[in-house]
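The primary structure of each chain is shown beneath.
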Amino acid sequence: MAKLLSCVLGPRLYKIYRERDSERAPSSVPGTPTSVTNPPSSSWDTYYQPRALEKHADSILALASVFWSISYYSSPFAFFYLYRKGYLSLSKVVPFSHYAGTLLLLLAGVACLRGIGRWTNPQYRQFITILEATHRNRSAENKRQLANYNFDFRSWPVDFHWEEPSSRKESRGGPSRWGVALLRPEPLHRGTADTFLNRVKKLPCQITSYLVAHTLGRRMLYPGSVYLLQKALMPCNGRRAKLQACDGNEIDTMFVDRRGRAEPQGQKLVICCEGNAGFYEVGCVSTPLEAGYSVLGWNHPGFAGSTGVPFPQNEANAMDVVVQFAIHRLGFQPQDIIIYAWSIGGFTATWAAMSYPDISAVILDASFDDLVPLALKVMPDSWRGLVTRTVRQHLNLNNAEQLCRYQGPVLLIRRTKDEIITTTVPEDIMSNRGNDLLLKLLQHRYPRVMAEEGLQVVRQWLEASSQLEEGERGSGEGFGWGPGKTSRWEVEEDWCLSVLHSYQAEHGPEFPWSVGKESWGRRRGEDMSPEGRRQLALFLAQKHLHNFEATHCTPLPTQNFQMPWHL
C-alpha cells in the first residue's frame with residue numbers, strides 16, 4: 001500500500017539510461033567528485049514508456065495544469081469582468097465553488113488512476129524505489145543508480161547546500177538566510193530628514209512600487225519565469241545537480257566536464273548566466289561548449305527546475321551557491337573560472353565578479369549598465385517617477401556599479417543591431433547601453449585617460465565602429481575593429497603597452513590607475529600629451545569591447561568567444 005501511495009505522489013519519469021551490452025560503465029569522469037551524478041558515458045537513453053492508464057491520466061492532468069496556468073495569469077481580468085457582470089455575489093459564488101470542488105475530486109481520482117498505472121509498471125516501481133532510497137541515504141551508489149533516470153526536478157534530492165563549505169560555517173561575514181550582500185541604491189533625495197510624516201507621505205508610492213514590481217514588473221523583466229513559457233522545455237542530458245541557496249531556493253544546474261580531454265581550455269570552467277527568457281537547455285551554454293570549455297549552466301530562480309522568483313536578491317543568492325558549488329564540489333579554483341553572461345545575466349555575472357575577485361575573467365554579451373533607462377524606454381513618460389522608484393527599490397540591476405568593483409579582465413560584446421538594449425531604435429548604435437557600460441568601466445579604471453580628449457575619441461569610435469566593419473575587416477568575422485586598418489582609428493600598440501606596463505610595474509595592478517596624469521608622465525621624463533591620452537583611450541576601448549554584427553538573440557559564434565585582454 002505504501003508503494004502505491006508513492007506511485008500516486010511520485011514525480012513524472014521522462015527517460016531511462018541503459019548501459020550498452022549490459023556492461024557496467026564508470027559513473028563519473030576520473031578526477032571528478034562522485035557526488036555529482038551523471039549518466040554513464042557508454043549509456044544510451046530511451047524515453048520511458050508508460051502503460052495506457054498512466055499515459056491517458058497524465059495527459060488529462062497536464063491539460064488541467066495548462067488551463068490552471070492560463071487561469072492564474074488571466075485572473076485579474078477575469079475577476080474584473082465577473083465583478084462588472086455581477087457574478088461575484090454569494091448566490092453565484094456558492095454554486096461555482098461546488099463545481100470547482102467536484103472538478104478537484106475528479107482530478108484527484110485521475111491522479112489515483114495514474115498512480116495505479118505506475119504501480120503496475122515494473123520500470124516505474126524500480127525507479128521510485130531507488131528515489132526513496134536516495135532520499136533516505138545519499139550515498140554514491142544510490143546517486144549512481146538515480147543518475148540512470150531523468151525525471152521531474154522537483155523531486156530531485158539536493159546535491160549541494162550553501163552551508164556545506166566549512167569556511168561558510170566559520171565566517172560571520174558570509175551570507176545569512178536573508179541573503180548575500182548587494183549594493184544598495186542611494187536615496188533619491190539626499191539630505192532629506194526621514195521623519196514619520198515623510199514616511200507616511202511615501203507609503204502610497206512604496207505600496208504601488210511593490211505591487212508593480214511583484215506583478216507586472218517581474219514578469220516583464222523575466223518572462224522565462226512564466227510557467228507557460230517553460231512547457232516547451234524537455235529535460236536534457238548532462239550532469240544535473242540541485243543546489244540549495246541561502247534563501248531556501250533550489251537551483252537547477254547542469255555541468256559538462258572537459259577536464260579529461262586533450263584540449264587545454266577544458267581545464268577552465270565557464271559559468272554561464274542566461275538572459276531573461278534563457279534556460280541552460282536552450283541558452284548561451286552552447287557557445288563555450290562548442291569552444292571546448294568545461295561549462296556549468298544554471299537556471300534563474302523560478303525558471304524550469306529552479307524554485308523561487310527572480311528578484312535581484314534571489315538572483316545573487318543563486319549565483320553565490322553556484323560559484324560555491326563550482327569551487328568546493330566540482331574542484332575548480334577561482335583562477336580557473338570564467339563568468340560568461342548574456343543580456344540580463346550580466347547582473348549575476350557582475351555580482352559574482354564583485355564578490356569573488358579572484359575569478360579569472362568576465363565576458364558580458366549584449367549586456368547593459370543600468371536597468372532604469374531600458375525600463376523608461378518601454379513605459380509611458382507619465383510613469384517616469386514610478387518606474388524609477390520601482391526599479392531602484394525592487395529591481396535594481398546595477399551592472400556597471402558592480403563591474404567597477406572587479407579588478408580582473410573584462411570583455412564586452414556589443415551587438416550592432418541590438419533591438420533590446422537600445423533606448424531608441426536598433427540603427428541608433430549610440431543608444432546601445434553597452435556603450436555606457438564600457439564608458440563607466442574605463443572611467444573608473446583609467447580616470448585620467450578618460451578625461452575630455454579620451455572620452456571624446458572613444459565616443460566617436462563607438463559611433464563609427466559599426467560603420468567601419470566592412471572596411472576594417474574584409475573577412476566577415478563580425479568584429480568591427482582592428483589596429484592599423486583605418487588611419488583615423490590607428491593606435492601605436494607598442495607605445496600604449498609600454499606606458500601601461502611601466503605604470504603597472506611602478507604602482508601595481510590595482511585600479512583605478514592615474515596613468516595619463518601629466519605629473520606622472522614628467523616623472524618618467526615625458527609629458528602625457530592630449531594626443532597620448534587619446535591614443536591610450538582608444539587602445540583601451542578596442543581591447544575591452546568587440547562588435548558583433550547581429551541582433552540581440554542571435555547565438556554567439558564559437559570563433560567570437562574570446563578571452564578578455566589583460567596586461
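This text follows the structure it describes.
This section reports on the structure supplied with the text. Predicted, not measured: the structure shown is a model, and the values here were computed from it. (Residues numbered from 1 in each chain as written. Predicted model: local features only at pLDDT ≥ 70, side-chain atom pairs only at ≥ 80, totals over all residues. Heavy atoms only, no water.)

Some points on the side chain of Asp-152
Right, on to step 1. With respect to the secondary-structure elements, Asp-152 resides in the loop between β3 (149–151) and β4 (160–161).
Right, on to step 2. Among the residues examined, Asp-152 registers a relative accessible area of 16% and is labelled buried.
Right, on to step 3. Of the polar contacts made by the side chain of Asp-152, one reaches the side chain of Arg-154; its length is 2.6 Å.
Right, on to step 4. In this structure Asp-152 touches Pro-11, Arg-12 and Tyr-14, once residues within four positions along its chain are discounted. (Helix = DSSP H or I, 4+ residues; strand = E, 2+ residues; numbered from the N terminus. Buried < 20%, exposed > 50% of the residue type's maximum accessible area, 1.4 Å probe, protein only. Polar contact = N/O pair within 3.5 Å; in protein donor to acceptor, adjacent residues only side chain to side chain. Contact = heavy atoms within 4.5 Å.)

Brief notes about the environment of Leu-4
Right, on to step 1. The residue Leu-4 is located in helix α1 (residues 2–9) in this model.
Right, on to step 2. Between the C-alpha atoms of Leu-4 and Arg-118, which are 114 residues apart in sequence, the distance is 8.4 Å.

Re the pattern of salt bridges
Any two side chains of opposite charge can pair, on the condition that their charged atoms come close.
Right, on to step 1. Here the structure, examined in full by the defined rule, presents 22 salt bridges.
Right, on to step 2. With a shortest N-O distance of 2.9 Å, Arg-114 and Asp-58 are connected by a salt bridge. Of this pair, Arg-114 sits in helix α3 (residues 90–119) while Asp-58 is found in helix α2 (residues 52–85), placing the two residues 56 residues apart along the sequence. The pair formed by Arg-114 and Asp-58 is uniform in burial state, with each residue classed as buried.
Right, on to step 3. Measuring nitrogen to oxygen at the nearest pair gives 3.6 Å for the salt bridge that ties Asp-257 to Arg-239. In this pair, Asp-257 sits in the loop between β6 (250–256) and β7 (269–273) while Arg-239 sits in strand β5 (residues 239–244), placing the two residues 18 residues apart along the sequence.
Right, on to step 4. Here Arg-239 falls in the buried class, since its relative accessible area comes to 6%.
Right, on to step 5. In the salt-bridge network here, residues are joined through shared partners; they are Asp-369, Arg-433, Asp-436 and Lys-440. (Salt bridge = Lys/Arg side-chain N within 4 Å of Asp/Glu carboxyl O.)

So, the packing of aromatic side chains
Right, on to step 1. Under the definition given, this model contains 16 aromatic pairs.
Right, on to step 2. Seen in terms of ring centroids, Tyr-124 and Phe-127 are 5.4 Å apart; in terms of plane orientation they differ by 70 degrees. Their pairing is edge-to-face. Taken together, the residues Tyr-124 and Phe-127, both in helix α4 (residues 122–136) and three residues apart, mark about one turn of the helix. Neither Tyr-124 nor Phe-127 differs from the other in exposure class; each is buried.
Right, on to step 3. Taken together, a centroid distance of 5.6 Å and an interplanar angle of 65 degrees make the contact between Phe-160 and Phe-325 edge-to-face. With Phe-160 in strand β4 and Phe-325 in helix α9 (residues 312–328), the pair connects residues that are 165 residues apart, well separated along the chain. In terms of burial, Phe-160 and Phe-325 fall into one category: buried.
Right, on to step 4. Here the aromatic cluster, defined as three or more aromatic residues joined through ring pairs, consists of Tyr-48, Tyr-124, Phe-127, Tyr-149, Phe-151, Phe-153 and Trp-156.
Right, on to step 5. Here the basic side chain of Lys-242 rests over the ring of Phe-153, its NZ or CZ set 5.2 Å away from the ring centre. (Phe/Tyr/Trp six-rings, centres within 6.5 Å; stacked < 30°, edge-to-face > 60°. Lys NZ or Arg CZ within 6 Å of the ring centre and 35° of its normal.)

Some words on the pairing of strand β10 (residues 361–365)
Right, on to step 1. Among the five residues of β10, five are classified as buried, and the element is accordingly described as predominantly covered.
Right, on to step 2. Here β10 shows a buried face lined by Ala-361, Ile-363 and Asp-365 and a second buried face lined by Val-362 and Leu-364.
Right, on to step 3. In terms of strand pairing, strand β9 (residues 337–342) meets β10 through five bridges, oriented parallel. Paired with Ile-339 across the strands is Val-362, a residue of β10. (Pairing = 2+ DSSP bridges.)

Some points on unusual backbone geometry
Right, on to step 1. Residues Phe-511 and Pro-512 are joined by a peptide bond in cis, for which omega reads 5 degrees.
Right, on to step 2. Relative to the assigned elements, Pro-512 resides in the loop between α17 (493–507) and α18 (518–523).
Right, on to step 3. We note that Ala-304 has phi near 50 degrees; this positive angle belongs to a residue other than glycine.
Right, on to step 4. Structurally, Ala-304 is set in the loop between β8 (294–298) and α9.
Right, on to step 5. The backbone phi angle of Ser-343 is positive, close to 60 degrees, even though this residue is not glycine.

Re the packing of helix α11 (residues 371–378) against helix α12 (residues 384–394)
Right, on to step 1. For the pair α11 and α12, interaxial distance at closest approach is 10 Å and the crossing angle is 140 degrees. When the axis of α11 is compared with that of α12, the two are oblique. Crossing handedness for the pair α11 and α12: right-handed. In this structure, α11 contributes Leu-371, Val-372, Ala-375 and Leu-376 to the contact, and α12 contributes Arg-384, Val-387, Thr-388, Val-391 and Arg-392.
Right, on to step 2. Its residues assigned to classes, the contact of α11 with α12 comprises six nonpolar, one polar and two charged. (Axes fitted to C-alpha atoms, helices over the stretch in contact; angles between N-to-C directions. Parallel < 35°, antiparallel > 145°, perpendicular 65-115°, else oblique. Left-handed = near helix turned anticlockwise from the far one by under 90°. Nonpolar A, V, L, I, M, F, W, Y, C, P; charged D, E, K, R; others polar.)

So, a nonpolar patch on the surface
Right, on to step 1. On the surface, Phe-79, Tyr-81, Leu-82, Tyr-83, Tyr-87, Leu-88 and Val-93 cluster together to form a nonpolar patch covering roughly 710 Å² of accessible area.
Right, on to step 2. Of all the elements, α2 adds the most residues to the nonpolar patch, at four residues.
Right, on to step 3. Among the secondary structure elements, Phe-79 is positioned in helix α2. (Patch = residues over 30% accessible without salt bridge, like charges linked within 9 Å, V, L, I, M, F, W, Y side chains within 5 Å. Areas by Shrake-Rupley, 256 points an atom, 1.4 Å probe, with all protein chains shown as cover.)

That's the geometry; what it means functionally is another story.
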